Amino acid sequence: MKINYQIIIEYLGSNYVGWQFQKNGKSIQSVIEKALYKVFKKKIKIIGSGRTDAGVNAWGQSANFYLKHKIEDSFKFLSTINFHLSTHQISIIS
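Reading the values: rules and limits
Residues numbered from 1 in each chain as written. Predicted model: local features only at pLDDT ≥ 70, side-chain atom pairs only at ≥ 80, totals over all residues. Heavy atoms only, no water. Helix = DSSP H or I, 4+ residues; strand = E, 2+ residues; numbered from the N terminus. Expected span 1.5 Å × (residues − 1). Buried < 20%, exposed > 50% of the residue type's maximum accessible area, 1.4 Å probe, protein only. Arc of directions from axis to C-beta. Contact = heavy atoms within 4.5 Å. Pairing = 2+ DSSP bridges. Axes fitted to C-alpha atoms, helices over the stretch in contact; angles between N-to-C directions.

End to end, helix α2 (residues 74-85) covers 16 Å across 12 residues, agreeing with the expected 16 Å (1.5 Å per residue, within 8%). Within α2, burial applies to Phe 77, Ile 81 and Leu 85. For α2, the angular spread of buried residues about the axis comes to 60 degrees, placing them on one side. Exposed side of α2, more than 90 degrees from the buried face: Phe 75, Lys 76 and Phe 83 are the residues found there. Among the structural elements, β1 (3-11), α1 (28-40), β3 (58-67) and β4 (90-92) are those in contact with the buried residues of α2.

Printed below as a string of structure tokens:
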């Protein structure tokens, strides 16, 4: 059984090609997926509730992903994922 997790994200988008993965540059989605890989040691695809264009900032953007196991400690998860995102001006706020 897979568990669906929602994350709320904020970011400064000036250094990104937008939300969605693109071949022509770094996207918010690709950076978060790489951070999730570092946390869970498996490839995880996130699905955004919407998209932003290049250079656009976001506060409170929603996305979701699926895991086969329960995240037991949400504080530890947020601390760890945000550690991996800290140099990218991206934060998972919940």
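Having seen it, we continue.
The next subject is the sheet that holds β3. Read across the open sheet, the 4 strands follow the order β2-β3-β1-β4; overall the sheet is antiparallel. At either margin of the open sheet sits one strand with a lone partner, and together these are β2 (47-48) and β4. Two elements, β1 and β4, share 3 bridges in a ladder whose sense is antiparallel. Paired with Glu 10 across the strands is Ser 91, a residue of β4. Across the face of the sheet, α1 comes into contact with β1, β3 and β4 while running at roughly 55 degrees to β4. Seen against the sheet, α2 touches β1, β3 and β4 and runs at an angle of roughly 170 degrees to β4.

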